[in-house]
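Inside the fold
Residues per chain, in single letters:
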Amino acid sequence: MRSRLRRALELLDWLDEHGTALGKLTQPELEMWLEEGAVEHREVRAFVTWARGRGFVGELVVPRARIAAPSVFMTDEEQAEQLHRCLGDDSLPLDVRTAGALTLLFGLQHTKLLELTVRDVIDDNETVALNLAGHRLPLPPEVARLVRAQRDQCQARWQIDQTASTTPWLFPGQEPARPLGATYLNLKLRRHGIAPRAGRNNARLALATDLPASVLADFTGTSISNATRWTGYARRDWLDYIASRTQI
């Protein structure tokens, strides 16, 4: 929100410097301001939408930034080695092992992982699944074992601290009322030798080769537009591309 407010003030300052009233701003001038600045200038979209809805500006549109194709991958051997460590290395913290395994296998975004609570673990004592925005993600046995352990650990902690938190997070932060931060989880995984970005890309590309976009979106808890991009990548010959990048 602060960043969006800064972009609005920057645009207004720019208009003032050029002697242009907000109501006289044209689409070419807006696009010139966007091109002159950093990619963060695109965050002015919220202000422009607000101003347009109230008649302060004409039919202005802030074009969405082109989404770059994924470029960070790992080899299959590296992915298998990191997954093996998550599943079998008891020296790693439990939350690192659990989050790492879910990332490497299913390509889940950390923001989605950190929204999970212990109640989102669906356990019938035989199989375990995760509730991702109303969709069930079944887990293989070794990953289910990790998720159960993570749930039990956090459930016990929440029962002690529930006066400070009404939400039993599956990945709680230091403050009981909040889950771990996505940036902190990313750094924690990397500190223990797990490459979350590359692992997530590998997992999503593998899933996209076998699943239609609608199923991939439900399966990974991502948007349909994101899933559609991944199925598009998978239709191209990305295996050669990945192999070439690992040789650079």
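See the structure above.
First things first, this report covers the structure right here in the doc. Everything quoted here is computed from the prediction, not taken from an experiment.

Taken together, the side chains of Asp-76, Glu-77, Glu-78 and Glu-81 define an acidic patch exposed on the protein surface. Take Asp-76: it is sitting in helix H4 (residues 76-88). The exposure class of Asp-76 is exposed, given its relative accessible area of 57%.

Right, let's talk about unusual backbone geometry for a bit. The phi angle at Asn-125 is positive, at roughly 75°, despite the residue not being glycine. For Asn-125, the location among the structural elements is in the loop between strand E1 (121-123) and strand E2 (128-132).

Once that is clear, we can look at the side chain of His-110. By the element assignment, His-110 lies in helix H6 (residues 110-113). Ignoring sequence-local partners within four residues, the contact set of His-110 consists of Thr-103, Ala-182, Leu-185, Asn-186, Leu-189, Pro-196 and Arg-200.

Here the focus is the nonpolar core. In this structure, Leu-102, Leu-130, Leu-139 and Val-147 are the most contacted members of the largest nonpolar core, which totals 34 residues. Counting residues per element, the ones that place at least two in this core are H4, helix H5 (94-106), E2, helix H7 (141-161) and helix H8 (182-191). A total of 7 residues in this core trace back to one element, the largest contributor, which is H5. Grouped together as the second largest cluster of nonpolar side chains are 15 residues, Leu-30, Val-57, Leu-60 and Val-62 included.

All chains considered together, the criterion is met by 9 salt bridges. Arg-7 is paired through a salt bridge with Glu-10; the nearest N and O atoms lie 3.0 Å apart. With Arg-7 and Glu-10 both in helix H1 (residues 2-17) and 3 residues apart, the pair spans about one turn of that helix. Exposure remark for Arg-7: the relative accessible area of 9% places this residue in the buried category. Given a relative accessible area of 31%, Glu-10 falls into the partly exposed group.

Calculation criteria
- Residues numbered from 1 in each chain as written.
- Predicted model: local features only at pLDDT ≥ 70, side-chain atom pairs only at ≥ 80, totals over all residues.
- Heavy atoms only, no water.
- Patch = residues over 30% accessible without salt bridge, like charges linked within 9 Å, V, L, I, M, F, W, Y side chains within 5 Å.
- Areas by Shrake-Rupley, 256 points an atom, 1.4 Å probe, with all protein chains shown as cover.
- Salt bridge = Lys/Arg side-chain N within 4 Å of Asp/Glu carboxyl O.
- Lys, Arg positive; Asp, Glu negative; His and termini not counted.
- Charge placed at Lys NZ, Arg CZ, Asp CG, Glu CD.
- Helix = DSSP H or I, 4+ residues; strand = E, 2+ residues; numbered from the N terminus.
- Buried < 20%, exposed > 50% of the residue type's maximum accessible area, 1.4 Å probe, protein only.
- Contact = heavy atoms within 4.5 Å.
- Core = buried A, V, L, I, M, F, W, Y, C linked by side-chain atoms within 4.5 Å.

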